[in-house]
Amino acid sequence: MVNSIYETHIMKEELLPFIYHNHIARKSRDSGIGMPNWHDNIELLFCVNGKGKVKCDTKFYDFEVGDLVVVNPDTLHTIISDTEVNYFCLIIDRSFLELNGIPVNSFRFQEFIRDKNICEAFKRIDHSFSLKNENTSFWVNTKIRSEVLNLMVLLCRDYISAKVSSADVKSVSCERVKKVMLYIHDNLSKQITLDEISEHIGISKYHLSREFKDWTGKTIFDSINILKCKEAQEMLINGARVSETAVACGFESLSYFSRTFKKHMGLLPSECLKTTKKG
């Protein structure tokens, strides 16, 4: 299924409840804005090359070498670039922070940080993870946990921006947008209409359309087709025929599927099959 919208994180190692990887965001189609997602854990994005922007809810932050963007829990976010931007992503399990005395859901971190000490702390984290690929000694895991906690200490000391009370909730409009995205995700095999979505959410389709565009940078219609095309791409890569893929993803005709797939993915469905076979 499409790995977007709401992310569920599976930590592979009990002693290292983190997800850490390097990623490159390249210029995407449809005004360059990718589909946003959200999750329960804190996510730290550290730029190592190139330039881009990180969108957190409705705010955009410039993202250049040495910059750290903190994605607080339950924040809609995406990364975009006019060219490409290379960054490290560190996702920290909430329970790990709570067990170490950091109640991450009781406050919000400043989202954009440009700080030499933070930069050096993240580099030490990267070095620690690289050690794990070369050394199986038990102390490597301890070093990684220690460096992650050292970074969190710096963030807690200098970059807590607001306390969050139990009465604080995400804006109603943000929650509606999330409901729309989940509804689309759960009904990809159908021909979803705006009337159907607005009835499900309980507000007028015109108000909902404006609200959705403000938060995601895309129309509801384009978002439906993008998610359908991503699902279709996964099916094609796994060996499905073009015709059965079109039906399974709720496209009304094969020709419309081909045009839409070309628009959003940059190649025809049949070319996706050929590329996969060559690989």
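Up top you'll find the structure we're talking about.
In this report, the structure presented in the accompanying data block is examined. Not measured: the values here are computed from a predicted model.

### Things to note about the overall build of the chain
For the chain, the helix and strand inventory stands at 10 helices and 12 strands. Over its C-alpha atoms the chain spans a radius of gyration of 20 Å, differing by no more than 12% from the 19 Å that the globule rule assigns to 279 residues. If you line up the chain on its principal axes, its C-alpha atoms span 55 × 50 × 35 Å. Within the chain, the fraction of its 279 residues that count as buried is 49%. Of all intrachain contacts in the chain linking residues separated by at least 6 positions in sequence, the fraction that spans at least 24 positions is 74%. When the accessible area of the chain is evaluated, it comes to approximately 14500 Å², of which 51% is carbon and sulfur surface. Here the chain carries 37 positive and 36 negative side-chain charges, and the mean point of each set is 4 Å from the other.

### Re the packing of helix H2 (residues 116-132) against helix H3 (residues 138-158)
Orientation of H2 relative to H3, taken along the N-to-C sense of each, is 165 degrees, at an axis distance of 9 Å. Taken together, the axes of H2 and H3 are roughly antiparallel relative to one another. Seen along the crossing, H2 lies across H3 with a hand that is left-handed. Touching Asn117, Ile118, Ala121, Phe122, Arg124, Ile125, His127, Ser128, Phe129, Leu131 and Lys132 of H2 are Trp139, Val140, Asn141, Lys143, Ile144, Glu147, Val148, Leu151, Leu154 and Leu155, all from H3. When the residues that make up the contact of H2 with H3 are grouped by side-chain class, the tally is 13 nonpolar, four polar and four charged.

### Here we look at the side chain of Glu111
With respect to the helices and strands, Glu111 occurs in the loop between strand E10 (107-109) and strand E11 (112-113). An unpaired buried charge is present at Glu111: no salt bridge exists, and Arg108, the closest side chain of opposite charge, is 4.4 Å distant. A polar atom in the side chain of Glu111 sits 2.5 Å from the side chain of Tyr61.

### So, the environment of Asn22
Following the sequence through the fold, Asn22 ends up in strand E2 (residues 18-26). Spatially, the C-alpha atom of Asn22 lies 7.3 Å from that of Asn86, the residues being 64 residues apart in sequence. One polar contact links Asn22 to Asn86, side chain to side chain, over a distance of 2.7 Å.

### Regarding the pairing of strand E8 (residues 77-80)
Along E8, one buried face is formed by His77 and Ile79 and the opposite face, lined by Thr78 and Ile80, is buried too. In terms of strand pairing, strand E5 (residues 52-56) meets E8 through four bridges, oriented antiparallel. Bridged to Lys55 within E8 is Thr78.

### Some words on helix H9 (residues 254-265)
With 12 residues, H9 extends 16 Å between its outermost C-alpha atoms, agreeing within 8% with the 16 Å of an ideal straight helix rising 1.5 Å per residue. Considered for burial, the residues of H9 that qualify are Tyr256, Phe257, Thr260, Phe261, His264 and Met265. Looking straight down H9, one finds that the buried residues subtend no more than 125 degrees of arc, so they occupy a single side. Residue Gly266 follows H9 closely and has a positive phi angle near 85 degrees.

### Some details on the packing of helix H4 (residues 172-186) against helix H6 (residues 205-216)
When two helices pack together, their arrangement is given by the angle between the helix axes and the distance between those axes. The interhelical angle for the contact between H4 and H6, taken along N-to-C directions, is 95 degrees, at an axis separation of 10 Å. Taken together, the axis directions place H4 and H6 in an arrangement best described as roughly perpendicular. For the pair formed by H4 and H6, the contact residues are Ser173, Cys174, Arg176, Val177, Val180 and Met181 on the first element and His207, Leu208, Glu211, Phe212, Trp215 and Thr216 on the second. Residue composition of the contact of H4 with H6, by class: seven nonpolar, three polar and two charged.

### Some details on the nonpolar core
Counting residues in each nonpolar core, the largest one holds 33 residues, and the members touching the most others are Leu44, Leu90, Ile92 and Leu155. Non-local contacts of Leu155, meaning those with residues more than four positions away in its chain, are made with Leu44, Leu68, Phe109, Ile113, Ile118 and Ile160.

### Comments concerning the pattern of salt bridges
Inspection of the entire model under this criterion finds 15 salt bridges. Connected via shared salt-bridge partners are Asp74, Glu175 and Lys178.

### What about H4?
Along an α-helix, residues three or four positions apart point the same way, because every turn accommodates 3.6 residues. In this model, H4 (15 residues) spans 21 Å end to end at C-alpha, consistent with the 21 Å of a helix rising 1.5 Å per residue. Where the residues of H4 are buried, they touch strand E1 (5-6), strand E3 (37-38), helix H5 (194-201), H6 and helix H7 (220-237).

What counts, and at which threshold
- Residues numbered from 1 in each chain as written.
- Predicted model: local features only at pLDDT ≥ 70, side-chain atom pairs only at ≥ 80, totals over all residues.
- Heavy atoms only, no water.
- Helix = DSSP H or I, 4+ residues; strand = E, 2+ residues; numbered from the N terminus.
- Rg over C-alpha atoms; globule rule 2.2 N^0.38 Å.
- Buried < 20%, exposed > 50% of the residue type's maximum accessible area, 1.4 Å probe, protein only.
- Contact = heavy atoms within 4.5 Å.
- Areas by Shrake-Rupley, 256 points an atom, 1.4 Å probe, with all protein chains shown as cover.
- Lys, Arg positive; Asp, Glu negative; His and termini not counted.
- Charge placed at Lys NZ, Arg CZ, Asp CG, Glu CD.
- Axes fitted to C-alpha atoms, helices over the stretch in contact; angles between N-to-C directions.
- Parallel < 35°, antiparallel > 145°, perpendicular 65-115°, else oblique.
- Left-handed = near helix turned anticlockwise from the far one by under 90°.
- Nonpolar A, V, L, I, M, F, W, Y, C, P; charged D, E, K, R; others polar.
- Salt bridge = Lys/Arg side-chain N within 4 Å of Asp/Glu carboxyl O.
- Polar contact = N/O pair within 3.5 Å; in protein donor to acceptor, adjacent residues only side chain to side chain.
- Pairing = 2+ DSSP bridges.
- Expected span 1.5 Å × (residues − 1).
- Arc of directions from axis to C-beta.
- Core = buried A, V, L, I, M, F, W, Y, C linked by side-chain atoms within 4.5 Å.

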